[in-house]
Amino acid sequence: MLKDILDVLADPVDLSPLRGADDFSRLVSETGHSYDVARQGYVTLAGGKGLNHDGDSPEMVQSREAFLSQGYFAPFVEAVTEAVEDVLEVSAPDVAEPVILEVGAGTGYYLSHTLDTVDGSRGVGLDISVPAAKHLAKSHPRVGAVVADVWERIPLIDGSAHAITVIFAPRNPAEFRRVLVDGGEAVILTADQGHLDELREPLGILGVEEGKLERMLEQAQGYLEPVGDAELIEFPMQLEREAIAAQVGMSPSARHVDPATLQERVAALPERLEVTARAQLIHLRKA
Ligand SMILES: C[S@@+](CC[C@H](N)C(=O)[O-])C[C@H]1O[C@@H](n2cnc3c(N)ncnc32)[C@H](O)[C@@H]1O
C-alpha cells in the first residue's frame with residue numbers, strides 16, 4: 001500500500017517529502033502541492049503540465065496479465081529476483097524494510113514475486129499507465145503504486161532505493177543515480193536479438209534491434225556503469241495460439257499491426273509453437 005512507501009515518496013515539482021492528509025485521500029508536500037490518492041489505491045505524481053503519454057492501454061495490460069499469469073516467463077522472474085537479492089546483500093545488509101523501485105512495473109508480476117521472496121522488503125511500482133497502476137496497487141500488500149513518467153523527475157527522495165528493477169521498460173540513468181542509495185544497483189532486463197523470433201515473420205511484428213544493450217550502456221555513461229558482464233537468459237516456451245495472441249497483445253507490436261490482421265495471422269499458426277525467450281540481464285551501479 002502507498003502508506004508503506006510514503007517515507008520515500010517526493011513531490012514531483014520540487015522533491016520535498018510528502019505526507020498523507022484527509023484520511024490518506026491526498027498526499028501533500030511541505031511546499032503545499034497536493035496529489036489525490038485514487039480509490040483504487042494508486043497516486044499520480046506529475047508536476048507542471050501533467051503526463052505526456054498514456055503508456056500501456058487497458059487491452060495491453062489485460063494481455064500482459066493473461067500471458068504472465070501462465071508462468072511462461074518464470075525464468076525471467078526468477079533471475080530478476082535472484083539479482084535483487086544479491087544487490088540487497090550489499091546495499092541493505094542491516095535494513096529491515098529495504099525499498100525496491102520497479103520502473104515501468106506493468107501489472108506488478110515481477111515486483112510482487114521479489115517482495116514475496118525478500119522478507120520485509122517494500123516496493124515502489126512506478127508506471128505511466130493508469131490501467132497498469134490499478135493492477136499494481138493490488139499486486140502485493142507491500143507495493144505502493146505510483147503513476148509517473150520515468151523520463152521526468154522520479155518522485156522519490158534522493159538516496160532512497162536500495163535496488164531498482166527495469167524489465168522491458170524505459171530507463172532514466174541520471175534519475176536512477178539520484179534515487180539509489182550508495183551501494184545500490186539497477187537490475188535491467190532487456191530483450192535480446194532472437195527474442196520471440198519464431199513469431200516475427202508469420203505475424204509481421206517488430207524485431208529487437210542490433211546493439212540494444214550497448215546503446216543502453218552508452219546512454220548511461222557518466223551516471224551508471226555496468227557491474228560485470230550481462231547474463232544471457234534464454235529458454236524455449238511451448239505457446240498455444242491464445243498465449244501467442246496475449247504475448248503480441250502486450251507488446252509494442254500491438255500498436256503496429258491492425259488487430260484484425262493479427263488475429264488472422266495468429267489463426268494461421270500451428271496449434272502449438274516453440275518460441276524462444278531471450279534477454280540480457282545486467283547490473284548497473286553509480287558511476
Ligand atoms: C513492455 S511493458 C513491461 C511491463 C513490466 N515490466 C513487465 O515486464 O511485465 C513497459 C511498461 O512501461 C510503461 N512505460 C512506458 N513508458 C513509460 C514512462 N515514460 N514512464 C513510466 N512507465 C512507462 C508501460 O506503461 C508498460 O507498463
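This text gives an overview of the structure that appears in the document. (Residues numbered from 1 in each chain as written. Predicted model: local features only at pLDDT ≥ 70, side-chain atom pairs only at ≥ 80, totals over all residues. Heavy atoms only, no water.)

**Side note on the pairing of strand E11 (residues 272-286)**
Phase 1 of the analysis: As paired elements, strand E9 (residues 180-191) and E11 share seven bridges and run antiparallel to each other. Bridging from a neighbouring strand, Val187 pairs with His283 of E11.
Phase 2 of the analysis: For strand E10 (residues 224-240) and E11, the ladder comprises 14 bridges, and the chain directions are antiparallel. Its bridge partner being in E11, Glu240 is matched across the sheet by Arg272. (Pairing = 2+ DSSP bridges. Helix = DSSP H or I, 4+ residues; strand = E, 2+ residues; numbered from the N terminus.)

**Quick word on the packing of helix H2 (residues 58-68) against helix H9 (residues 241-249)**
Phase 1 of the analysis: At a closest axis distance of 8 Å, the pairing of H2 and H9 adopts a crossing angle of 135°. It follows that H2 is oblique to H9 by the angle criterion. Note that H2 runs across H9; the crossing there is left-handed. Contacts from Met60, Ser63, Ala66 and Phe67 in H2 reach Ala243, Ala246, Gln247 and Gly249 in H9.
Phase 2 of the analysis: For the contact of H2 with H9, the residue count by class is five nonpolar, three polar and no charged. (Axes fitted to C-alpha atoms, helices over the stretch in contact; angles between N-to-C directions. Parallel < 35°, antiparallel > 145°, perpendicular 65-115°, else oblique. Left-handed = near helix turned anticlockwise from the far one by under 90°. Contact = heavy atoms within 4.5 Å. Nonpolar A, V, L, I, M, F, W, Y, C, P; charged D, E, K, R; others polar.)

**Quick notes on the pattern of salt bridges**
Side-chain pairing between opposite charges can occur once the charged atoms of the two side chains come close.
Phase 1 of the analysis: If you walk through the whole model with that rule in mind, you get twelve salt bridges.
Phase 2 of the analysis: As a salt-bridge pair, Asp197 and Arg200 come within 3.8 Å of each other at their nearest N and O atoms. Pair noted here: Asp197 and Arg200 are both in helix H7 (residues 197-203), with a separation of three residues, about one helical turn.
Phase 3 of the analysis: Overall, the relative accessible area of 43% leaves Asp197 in the partly exposed class.
Phase 4 of the analysis: Measuring nitrogen to oxygen at the nearest pair gives 2.7 Å for the salt bridge that ties Glu240 to Arg272. You can see Glu240 sitting in strand E10 and its partner Arg272 sitting in strand E11, a full 32 residues away along the chain.
Phase 5 of the analysis: Residue Arg272 is classed as partly exposed on the basis of its relative accessible area, which comes to 49%. (Salt bridge = Lys/Arg side-chain N within 4 Å of Asp/Glu carboxyl O. Buried < 20%, exposed > 50% of the residue type's maximum accessible area, 1.4 Å probe, protein only.)

**Describing the sheet that holds E10**
Phase 1 of the analysis: Taken in spatial order, the eight strands of this open sheet run E4-E7-E6-E5-E8-E9-E11-E10, and their pairing is mixed. Every other strand in the sheet has two partners, leaving strand E4 (43-44) and E10 as the edge strands with one partner each.
Phase 2 of the analysis: Lying over the sheet, helix H5 (residues 130-139) contacts strand E6 (122-127) and strand E7 (143-147), oriented at roughly 170° with respect to E7.

**A word on the environment of Leu281**
Phase 1 of the analysis: Locating Leu281 in the fold gives a position in strand E11.
Phase 2 of the analysis: You can call Leu281 buried: its relative accessible area is 3%.
Phase 3 of the analysis: Beyond its immediate chain neighbours, meaning those up to four positions away, Leu281 contacts Ala79, Val80, Ala83, Val187, Ile188, Leu189, Ala230, Glu231 and Ile233.

**Comments concerning the environment of Pro173**
Phase 1 of the analysis: Among the structural elements, Pro173 can be located in helix H6 (residues 173-179).
Phase 2 of the analysis: On the accessibility criterion, Pro173 (17% relative accessible area) is buried.
Phase 3 of the analysis: Along the primary structure Pro173 and Val150 are separated by 23 residues, whereas in three dimensions their C-alpha atoms are 9.8 Å apart.
Phase 4 of the analysis: Not counting residues up to four positions away in its chain, the partners in contact with Pro173 are Gln219, Ala220, Tyr223 and Leu224.

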